[in-house]
Amino acid sequence: MHSNVAKAALVLLVSMAAFPSTLRVRAAADEAYDIAILNGRVMDPDSGLDAIRNVGVRAGKIAAISATPLSAKSTIDAKGLVVAPGFIDLHEHGQEPRNYEFQAHDGVTTSLELEAGTDDVDRWYAAREGKALINFGVSIGHIPVRMKVLGDPQGGLLPTGPASYRAATTEELARMTAAMDNGFRQGALAEGMGINYTPGATHWEIVEMFKVAARYGASVHVHLRYGGLKEPNTGLAALEEVLAAAAATGAPLHVVHITSMGLKYTPQLIAMVKGAQEHGLDVTTECYPYTAGSTALQSAIFDPGWQENMDITYKDIQWAATGERLTAETFAKFRKEGGIVVIHSIPEEAARTAVANPIVMIASDGMPITGAKVHPRGQATFSRVLGHYVRDEKVLDLMTALRKMTLMPAQRLEKRASVFKGKGRIRVGADADITIFDPARVIDKATFDDPLQYSDGIPFVLVNGVVVVKDSQLVDGVRPGRAARAPLAN
Ligand SMILES: [Zn+2]
């Protein structure tokens, strides 16, 4: 048996060598690409290309963008479809296989947990290496580091004990600074911060944390100290704190979910970010396209005063496990038990203003799937922007929307992690992270009532040149996602 195989191989080698050279060249040209995406409307926010092109993919990279036909081992007919860079989600707390499946159906090829982050960067990446459907990445998180150093009960995403309410001692502050520094040396993409959840952190502690990020050229992704309307603890005052920290330390600042921080004052917060940019600060922001937020009911956000501050009451809060709206009684009961709620607090006008604004990136703030009525944003943010806000409501054009979900997030991170120079673009040499959607059909299906639904109208998604969604179905058995990580340091 073995000798027969060897003999057959030898015959094959001899016959290949005997081929006329023109034939061999022809054979090589026929297999120039692994995949050819044919006749799609290629849209690249970086170069501005918006034209019918063929895209050749080879060895995980974009190898050709051509107006002439390409041949390949396999082809995708993209006639009538948009061929766009894969979407980069800067803010997704759900980092489990099920979340990646929902995100792939929503066109996301890189999913990043940059707000909460982790206290153990090495372990976080190791847990996903070789096992992920899409690319993944994480920040070193001030919240989990503070929970560890100040001795909060471990396990939850958010603190409820000393890490929430107590100021750090000088010695604890030094330990936190060292832990943040260690996270960066392990390749954390950014620094995460949720000051709203750690009101015990002094203004100086925040400055100290920004100083660590500045040393690594890393952006600080901040959930502001206050998200509300009542002076003096408004979203605007909270934005002032971190603008000052960025200015004083040189660390780039990224303000997360600006709509749930600003509520009806969202336009003023965006104006502050834009003004800071115009005066030379490296400041950016993001939003999700919904009129509700979501967080843990036991967190400091629901400390006394929340109703006046967010201009809402019990009935505006929805218990994620069941979908029921709360009363004073169930609020008290569930706050003691702990769990995730959906908070209907963001005016439609605020969501629309942020989605339409060209300087505001799109990011989902998706949640781990903890109940039947989890917030739909993690499943459907990107298709909702493209279908509802671009096509149906016409609040922004398609290229601007794509820029906000591809090029801008890549540019936010590329100074810290050069892997992002190859993402967010359709150009030769870029990673073949590609989302192919039907602009006439793309739409979110996940709703507050029925949130665990795949988005529609995104028939093909490629991650590092591997098809993960084909004809709108997940492909079985592929795990092409790679670590999106900054260089390690000693
Ligand atoms: Zn947040």
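Given the structure is predicted, the values throughout are model-derived calculations rather than measurements. (Residues numbered from 1 in each chain as written. Predicted model: local features only at pLDDT ≥ 70, side-chain atom pairs only at ≥ 80, totals over all residues. Heavy atoms only, no water.)

A. Spotlight on the sheet that holds strand S10 (residues 220-223). As summarised here, the arrangement of the eight strands in space is S6-S7-S8-S9-S10-S11-S12-S16, forming an open sheet in which the pairing is parallel. On the outer flanks of this sheet lie strand S6 (87-89) and strand S16 (360-362), each paired with one strand and no other. When strand polarity is set aside, the average angle formed by the axes of neighbouring strands in this sheet is 30 degrees. Pairing between strand S12 (residues 283-287) and S16: three bridges, direction parallel. Directly across from Glu-286, in S16, lies its bridge partner Met-361. Of the strands in this sheet, strand S9 (191-194), S10 and strand S11 (253-255) are in contact with helix H8 (residues 203-215), which crosses S9 at around 165 degrees. (Pairing = 2+ DSSP bridges. Helix = DSSP H or I, 4+ residues; strand = E, 2+ residues; numbered from the N terminus. Axes fitted to C-alpha atoms, helices over the stretch in contact; angles between N-to-C directions. Contact = heavy atoms within 4.5 Å.)

B. The coordination of the zinc ion, seen in detail. The coordination sphere of the zinc ion contains the protein donors Glu-115 (OE), His-223 (ND1) and His-257 (NE2), at a distance range of 1.8 to 2.4 Å. Here the donor residues for the zinc ion map to a single chain with the spacing E-x107-H-x33-H. In this pair, His-223 sits in strand S10 while His-257 sits in the loop between S11 and helix H10 (258-262), placing the two residues 34 residues apart along the sequence. (Donors = N, O, S within 2.8 Å, 3.2 Å for Na, K, Ca; no water.)

C. Just the sheet that holds strand S15 (residues 340-343), in detail. Taken in spatial order, the three strands of this open sheet run S13-S15-S14, and their pairing is antiparallel. The open sheet terminates on both sides in strands that have one partner only, identified here as strand S13 (293-296) and strand S14 (317-319). Within the sheet, the average angular offset between the axes of one strand and its neighbour, ignoring direction, is 30 degrees. Here S13 runs beside S15; their pairing, made up of four bridges, is antiparallel. The partner of Ser-294 across the bridge, within S15, is Val-342.

D. Up close: the environment of Leu-229. Relative to the helices and strands, Leu-229 is located in the loop between S10 and helix H9 (235-249). Sequence separation of Leu-229 and Arg-335 is 106 residues, and the distance between their C-alpha atoms is 23 Å. Excluding residues that lie within four positions of it along the chain, Leu-229 makes contacts with Thr-234, Gly-262, Leu-263, Lys-264, Tyr-265, Asn-309, Met-310 and Asp-311.

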